[in-house]
Amino acid sequence: MAEYVIEGGRISGIPDLYAELNRLFMTGEDWRLGTSLDALDDLLYGGYGALSGDDAVRMIWRDAAHSRDALGVAETERWLREKLAQPGPFRSDDLRRQLGELRAGTGATYFDRVLEVFADHPEVTLELR
């Protein structure tokens with residue numbers, strides 16, 4: 001089983017998360033992951049980058065508490081507002097609902113969403129430290 005370490009201390013926001021994922025998994029590739037949950041989902045399916053050919057993967061996320069804070073309510077709200085500012089590609093009613101839930105303390109943070117993506121890949125074991 002291949003093992004990788006996500007350095008959570010390097011993550012201060014969503015762009016930093018993808019910079020860390022690119023550092024860890026995309027070395028040697030001539031392209032980089034975009035900053036989207038869909039890109040993370042695609043990465044975890046394997047087939048390219050460091051995960052190419054790995055059937056089972058163990059990821060250790062060091063300083064996960066730091067990442068949880070960095071990808072928490074404030075960063076998630078910034079991310080949702082950024083999407084709301086783009087007319088057309090996103091459903092604004094869904095985004096407003098998500099923003100309201102986030103403010104009410106019942107919505108998922110970006111960190112929560114990242115964990116959901118990992119959970120959809122049983123061949124990837126994620127250990128938060």
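Relevant structure appears above.
Residues numbered from 1 in each chain as written. Predicted model: local features only at pLDDT ≥ 70, side-chain atom pairs only at ≥ 80, totals over all residues. Heavy atoms only, no water.

Undergrad: Could you clarify how one ought to interpret the pairing of strand 2 (residues 57-62) in this entry?
TA: Sheet faces and side chains relate simply in a regular strand, where the side chains alternate between the two faces. Sheet topology places strand 1 (residues 2-7) next to strand 2; 6 bridges connect them, and they run parallel. Paired with Ala2 across the bridge in strand 2 is Val57. The pairing of strand 2 with strand 3 (residues 124-128) spans 5 bridges and is classified as parallel. Residue pairing in the sheet places Met59 in a bridge with Leu126 of strand 3. (Pairing = 2+ DSSP bridges. Helix = DSSP H or I, 4+ residues; strand = E, 2+ residues; numbered from the N terminus.)

Undergrad: Explanation requested: the environment of Thr76 in the structure shown.
TA: Position of Thr76 among the secondary structure elements: in helix 4 (residues 73-84). Taking the relative accessible area as the measure of exposure, Thr76 reaches 0% and is therefore buried. Note: C-alpha distance between Thr76 and Tyr110 (34 residues apart in sequence) is 5.4 Å. Of the polar contacts made by the side chain of Thr76, one reaches the backbone oxygen of Gly72; its length is 2.7 Å. (Buried < 20%, exposed > 50% of the residue type's maximum accessible area, 1.4 Å probe, protein only. Polar contact = N/O pair within 3.5 Å; in protein donor to acceptor, adjacent residues only side chain to side chain.)

Undergrad: Looking at this model, I keep getting lost on helix 4. Mind explaining?
TA: In this model, helix 4 (12 residues) spans 16 Å end to end at C-alpha, consistent with the 16 Å of a helix rising 1.5 Å per residue. By the burial criterion, the buried members of helix 4 are Glu75, Thr76, Trp79, Leu80 and Lys83. For helix 4, the angular spread of the buried residues around the axis is 135 degrees, confining them to a single face. In this structure, the buried side of helix 4 is in contact with helix 1 (14-25), helix 2 (37-45), helix 3 (64-70), helix 5 (92-104) and helix 6 (110-119). (Expected span 1.5 Å × (residues − 1). Arc of directions from axis to C-beta. Contact = heavy atoms within 4.5 Å.)

Undergrad: Is there a simple way to think about the pattern of salt bridges in this case?
TA: Two side chains carrying opposite charge are able to pair once their charged atoms lie near each other. Under the criterion given, the structure shown has 13 salt bridges. Among the ionic pairs, Arg78 bridges to Glu75, the shortest N-O distance being 2.8 Å. Here the residue Arg78 and the residue Glu75 both occupy positions in helix 4, the gap between them amounting to 3 residues, near one helical turn. Salt bridges here are not isolated pairs; linked through shared partners, they connect Glu3, Arg58, Glu127 and Arg129. (Salt bridge = Lys/Arg side-chain N within 4 Å of Asp/Glu carboxyl O.)

Undergrad: Please clarify how the sheet that holds strand 1 should be interpreted in this entry.
TA: Backbone hydrogen bonds hold the strands of a sheet together, and the pairing may be parallel or antiparallel. Spatially, 3 strands are ordered 1-2-3 in an open sheet, and the strand pairing comes out parallel. Two strands in the sheet have a free side with no partner beyond their single neighbour: strand 1 and strand 3. Each adjacent strand pair in this sheet contributes to an overall mean axis angle of 20 degrees, direction not counted. Sitting on the sheet, helix 6 touches strand 1, strand 2 and strand 3, and the angle it makes with strand 3 is about 145 degrees. (Axes fitted to C-alpha atoms, helices over the stretch in contact; angles between N-to-C directions.)

Undergrad: Honestly, the packing of aromatic side chains in this entry has me stumped. Any pointers?
TA: The way to describe two aromatic rings as a pair is by their centre distance and the angle between their planes. Tallied over the full model, the rule gives 5 aromatic pairs. Here the aromatic rings of Trp61 and Phe118 are separated by 6.5 Å at their centres, their planes lie at 55 degrees, and the arrangement is tilted. With Trp61 in strand 2 and Phe118 in helix 6, this pair connects stretches of sequence that are 57 residues apart. Taken individually, Trp61 and Phe118 each receive the classification buried, so the pair is uniform in this respect. Within the aromatic cluster, the residues linked to one another by ring pairs are Trp61, Phe111 and Phe118. (Phe/Tyr/Trp six-rings, centres within 6.5 Å; stacked < 30°, edge-to-face > 60°.)

These figures come from the coordinates and say nothing about function on their own.
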